[in-house]
Amino acid sequence: AVVELPELAGVRILRDGQPAGRTDEQGRILVVGLRPFDDNVISYVPEDLPLTALVTGDSLIQRANFGRQ
């Protein structure tokens, strides 16, 4: 899953509560290791955001189905 927090570099991203990495200089990160056909909770560390950041929600649930319906 690609996570995008536009223009927010260095934000720690978590996959199911475990570190997945930090956003790049453009605010993007590719989160790998998702469990297929299961819910994967992707979130960020709020303390890494500047006080002026406008972000909706604090997590999302991604289900990787790898092309199967």
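Residues numbered from 1 in each chain as written. Predicted model: local features only at pLDDT ≥ 70, side-chain atom pairs only at ≥ 80, totals over all residues. Heavy atoms only, no water.

Overview of the side chain of serine 43
- Residue placement: serine 43 occurs in strand 5 (residues 39-44).
- When neighbours within four sequence positions are excluded, serine 43 is seen to be in contact with Arg12, Ile13, Leu14, Asp58 and Ser59. (Helix = DSSP H or I, 4+ residues; strand = E, 2+ residues; numbered from the N terminus. Contact = heavy atoms within 4.5 Å.)

Topic: the nonpolar core
- Grouped together as the largest cluster of nonpolar side chains are eleven residues: Val3, Leu5, Leu8, Val11, Ile13, Ile29, Val31, Leu34, Ile42, Tyr44 and Leu49.
- Those residues in contact with valine 3 that lie beyond four places of it in its chain are Ile13, Gly27, Arg28, Ile29, Val31 and Ile42. (Core = buried A, V, L, I, M, F, W, Y, C linked by side-chain atoms within 4.5 Å. Buried < 20%, exposed > 50% of the residue type's maximum accessible area, 1.4 Å probe, protein only.)

Some words on the side chain of asparagine 40
- Residue position: asparagine 40 is located in strand 5.
- With a relative accessible area of 0%, asparagine 40 lands in the buried category.
- Polar contacts involving the side chain of asparagine 40 include one to the main-chain carbonyl oxygen of aspartate 38, which spans 3.0 Å. (Polar contact = N/O pair within 3.5 Å; in protein donor to acceptor, adjacent residues only side chain to side chain.)

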